[in-house]
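Structural overview
Given next are the chains, with one letter for each unit.
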Amino acid sequence: EEDDIGSNSYNRPWLAWITGQRLSQHRHVYVFLLLISADFFSVMALFIPYGYIQPIAELRQLTPSQVSALVSAIGGGSIAGRLTSSVLAMRPEVRPLSMIRAAISLAIPLPLLLTVVDEFWMFCLVCLVFGFLTGIWIAGTSPFLASLLGMTNMSAALGLLTFAQGAGCLISPPLAGLVVEHSGDALAALYMSGAFLLTSATVYSLAVVTHRRKNANLSKYEKLYTDI
């Protein structure tokens, strides 16, 4: 089958315990593990602005209705980002993993910008772009996994991805709350969000490099096989 091309017979019992036997032998299993690690940090970063946009907006004298509009701006941007990701993913020249890395990298300064802007339209613009970029990441992950691992591995892959996302959702809000409580500054939560996005972008970069090396080695082996 297509997803078995490049699979190996190496026995990795510790990895099989985590991913399952079939997935542990896939040639791109380490790319997959890097991807879900990066996704974990992205999810941790994603939920912090939702929880702390209200106290920060109130510090800038925004009304409750304006705060609600900011949350709506993030949601509207996310919808636009998901649609854009779907269109881009269908283009053969677009590399989905690089697209995801670019979206997360561009989102890094946005939580930090929320700590310095002071006008409602500025808040709206930052929230809209934040939702757009994170929407690209969210919509691009599952199709990339399907092309990376094959459909027969999607059940195990999505299960692990969902576990990582759930763990990020569970850990992020209380962790941000602890930081804010000890620092006494609500802005510290947004600094943490930017740090999580930076970590995620770094891990995504490692995944991109690993993926390219695996594909380059496979191309060499196919060329050698053809020559023989």
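**Observations regarding the packing of helix α7 (residues 120-149) against helix α8 (residues 154-183)**
Look at α7 against α8: their axes get within 10 Å of each other, and the N-to-C directions meet at 140 degrees. One element, α7, and the other, α8, form an angle in the oblique class. Where α7 crosses over α8, the two elements pack in a sense that is right-handed. Contacts between α7 and α8 involve T141, S142, L145, A146 and L149 on the former and, on the latter, M154, A157, L158 and L161. Taken together, the residues of the contact of α7 with α8 break down into 7 nonpolar, 2 polar and no charged.

**Some details on the packing of aromatic side chains**
Counted under the stated rule, the structure contains 3 aromatic pairs. With 5.3 Å between their ring centres and 70 degrees between their planes, F40 and F41 make a pair best called edge-to-face. Taking relative accessible area as the criterion, F41 reaches 24% and is therefore assigned partly exposed. Taken together, the aromatic side chains of F40, F41 and F196 make up a single cluster linked through ring pairs.

**Some details on helix α3 (residues 29-59)**
With 31 residues, α3 should cover 45 Å at 1.5 Å per step; its first-to-last C-alpha distance of 46 Å lies within 8% of that length. Of all bends in α3, the biggest is about 45 degrees, found at Y52, and the proline P55 comes one to four residues later.

**Here's the deal with the side chain of T19**
On the secondary structure map, T19 appears in helix α1 (residues 13-19). What makes T19 buried here is its relative accessible area of 5%. Here the side chain of T19 touches S24 through a polar contact of 3.4 Å, landing on its backbone nitrogen. Residues contacting T19, with those up to four places away along its chain left out, are S24, L33, A156 and L160.

**Considering the environment of I171**
In this fold, I171 is placed in helix α8. Assessed through its relative accessible area of 38%, I171 is described here as partly exposed. Sequence separation of I171 and M44 is 127 residues, and the distance between their C-alpha atoms is 7.3 Å. In contact with I171, other than residues within four places in its own chain, are F40 and M44.

**Quick notes on the pattern of salt bridges**
Where charged atoms from two side chains of opposite charge approach closely, those side chains can pair. As enumerated under the stated definition, the model contains 1 salt bridge in all. Here R91 and E93 are joined by a salt bridge, their closest N and O atoms 2.8 Å apart. Residue R91 is classed as partly exposed on the basis of its relative accessible area, which comes to 44%. With a relative accessible area of 51%, E93 lands in the exposed category.

**Topic: unusual backbone geometry**
Most of the time, phi is negative for any residue but glycine, and the peptide bond is trans. A positive phi angle is found at Q61, which is not glycine, with a value near 65 degrees. Q61 gets classed as exposed once you look at its relative accessible area, which sits at 67%.

**What about the environment of L190?**
With respect to the element layout, L190 can be found in helix α9 (residues 187-227). Exposure remark for L190: the relative accessible area of 1% places this residue in the buried category. In this structure, the C-alpha to C-alpha distance between L190 and V180, residues 10 residues apart in sequence, is 9.8 Å. Setting aside anything within four residues of it in sequence, one finds L190 in contact with I48, P49, I56, P111, L112, L114 and T115.

**Notes on the packing of helix α4 (residues 64-89) against α7**
Packing of α4 against α7 leaves a shortest axis separation of 6 Å and a crossing angle of 35 degrees. With respect to the hand of their crossing, α4 and α7 are arranged in right-handed fashion. Partitioned by chemical class, the residues of the contact of α4 with α7 number 15 nonpolar, 10 polar and 1 charged.

**Some thoughts on helix α5 (residues 96-107)**
Taking 1.5 Å per residue, 12 residues should reach 16 Å; α5 reaches 17 Å between its end C-alpha atoms and fits that length. For α5, every residue scored as buried is listed here: L97, S98, M99, I100, A103, I104 and A107.

Reading the values: the criteria
Residues numbered from 1 in each chain as written. Predicted model: local features only at pLDDT ≥ 70, side-chain atom pairs only at ≥ 80, totals over all residues. Heavy atoms only, no water. Axes fitted to C-alpha atoms, helices over the stretch in contact; angles between N-to-C directions. Helix = DSSP H or I, 4+ residues; strand = E, 2+ residues; numbered from the N terminus. Parallel < 35°, antiparallel > 145°, perpendicular 65-115°, else oblique. Left-handed = near helix turned anticlockwise from the far one by under 90°. Contact = heavy atoms within 4.5 Å. Nonpolar A, V, L, I, M, F, W, Y, C, P; charged D, E, K, R; others polar. Phe/Tyr/Trp six-rings, centres within 6.5 Å; stacked < 30°, edge-to-face > 60°. Buried < 20%, exposed > 50% of the residue type's maximum accessible area, 1.4 Å probe, protein only. Expected span 1.5 Å × (residues − 1). Bend = angle between axes of the 7 residues up to and from the residue. Polar contact = N/O pair within 3.5 Å; in protein donor to acceptor, adjacent residues only side chain to side chain. Salt bridge = Lys/Arg side-chain N within 4 Å of Asp/Glu carboxyl O.

Keep in mind these numbers describe shape, not what the thing actually does.
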